[in-house]
Amino acid sequence: MSETTTASPMARYVDGGPVASAIDGVTALLQAQFPPTLFRYRTVQPRMTAASWAELANVAPMIGISLAAWHPTGESAAQFRGDVMLAVFLLVKQVNPKDLLAGTKTMPGVQAMMNVAVQALHGKRIKGIGAVQVRGVSNQEAAGWVDDRTAIVTLTVAVTNVGYDLSALVAALDDFNEISGTWQFGTASTPDDNPIGDTEA
């Protein structure tokens, strides 16, 4: 006798949907210019301790990506659509702090990393998701997180007007009409072994 299991009504959403696609699209645009064979990619959590940043800075150059927000736009009415906001961190290290800006033959400087990342992202389109805009670039706001031989450039990146297309949304919502039984939620008994979430290729 076969056993029937009922999927959670959230099953169609747990992969992140268009938000995950926006993150994947930005990552792909960056990897075209900063190949994973030469640059470490990490997922950065919204709140990081100084110790966690010190761990991230152990290997450079590093590119970190963090999901910041999903702000509704004027087109968001019956169906939610909004700008997915990401923080992109570009981290470099130098033996001599004076080399952080221009870089050396073995490690890029922050000015090159900043310029290449902006050109790789701004004005591009992620097919089926939205347009990419770089809305801010700073070499200062992360200055207190690391030592003076490390620099972090922070980009504020928006993927605009992101949402489900209507057919995908209808298919997802149809699940709610077919659910019987109750949801069960597990409990976290131990902390995540890798809270930083290494996404190195």
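A few points about the overall build of the protein
Move 1: Helices and strands together make up the secondary structure of the protein, namely four helices and six strands.
Move 2: Along the protein, from the amino end to the carboxyl end, the secondary structure elements read α-β-α-β-β-α-β-β-β-α.
Move 3: Across the protein, every contact between residues at least 6 apart in sequence was considered, and the portion connecting residues at least 24 apart equals 63%.
Move 4: Of the roughly 12,000 Å² that the protein leaves accessible, carbon and sulfur atoms contribute 54%.

Focus: the pairing of strand β6 (residues 150–162)
Move 1: Counting buried residues in β6 gives eleven out of 13 residues, a clear majority hidden from the surface.
Move 2: As defined by bridge partners, strand β3 (residues 82–93) adjoins β6 across eleven bridges and the pair is classed as antiparallel. Bridge pairing in β6 places glycine 82 opposite valine 162.
Move 3: Here strand β5 (residues 130–138) pairs with β6 via six bridges, running antiparallel. Opposite valine 134, over in β6, you have valine 157 as the bridge partner.

So, helix α1 (residues 17–33)
Move 1: Compared with an ideal rise of 1.5 Å per residue, which puts 17 residues at 24 Å, α1 spans 25 Å between its outermost C-alpha atoms and is within 8% of the ideal.
Move 2: Looking only at α1, the buried set comprises Gly17, Pro18, Val19, Ala22, Gly25, Val26, Thr27 and Leu30.
Move 3: Those residues of α1 hidden inside the fold are in contact with β1 (40–43), β2 (62–72), β3, α3 (110–121), β4 (125–126) and β6.

Focus: the packing of aromatic side chains
Move 1: The final tally for this structure, using the stated rule, is two aromatic pairs.
Move 2: Seen from their ring centres, phenylalanine 34 and phenylalanine 39 are 5.1 Å apart, and the 75 degrees between their planes marks the pair as edge-to-face.
Move 3: Using a relative accessible area of 4% as the deciding quantity, one classes phenylalanine 34 as buried.
Move 4: Ring centres of tryptophan 70 and phenylalanine 80 lie 4.9 Å apart, and the angle between their planes is 80 degrees; this geometry places the pair in the edge-to-face category. With tryptophan 70 in strand β2 and phenylalanine 80 in the loop between β2 and β3, the pair connects residues that are ten residues apart, well separated along the chain.
Move 5: Tryptophan 70 sits in the partly exposed class, given a relative accessible area of 32%.
Move 6: What makes phenylalanine 80 partly exposed here is its relative accessible area of 36%.

Section: the environment of methionine 85
Move 1: Along the chain, methionine 85 falls in strand β3.
Move 2: Taking the relative accessible area as the measure of exposure, methionine 85 reaches 10% and is therefore buried.
Move 3: Aside from chain neighbours lying at most four places away, what touches methionine 85 is Ser66, Leu67, Ala68, Ala69, His71, Arg135, Thr156, Val157 and Ala158.

Conventions adopted
Residues numbered from 1 in each chain as written. Predicted model: local features only at pLDDT ≥ 70, side-chain atom pairs only at ≥ 80, totals over all residues. Heavy atoms only, no water. Helix = DSSP H or I, 4+ residues; strand = E, 2+ residues; numbered from the N terminus. Contact = heavy atoms within 4.5 Å. Areas by Shrake-Rupley, 256 points an atom, 1.4 Å probe, with all protein chains shown as cover. Buried < 20%, exposed > 50% of the residue type's maximum accessible area, 1.4 Å probe, protein only. Pairing = 2+ DSSP bridges. Expected span 1.5 Å × (residues − 1). Phe/Tyr/Trp six-rings, centres within 6.5 Å; stacked < 30°, edge-to-face > 60°.

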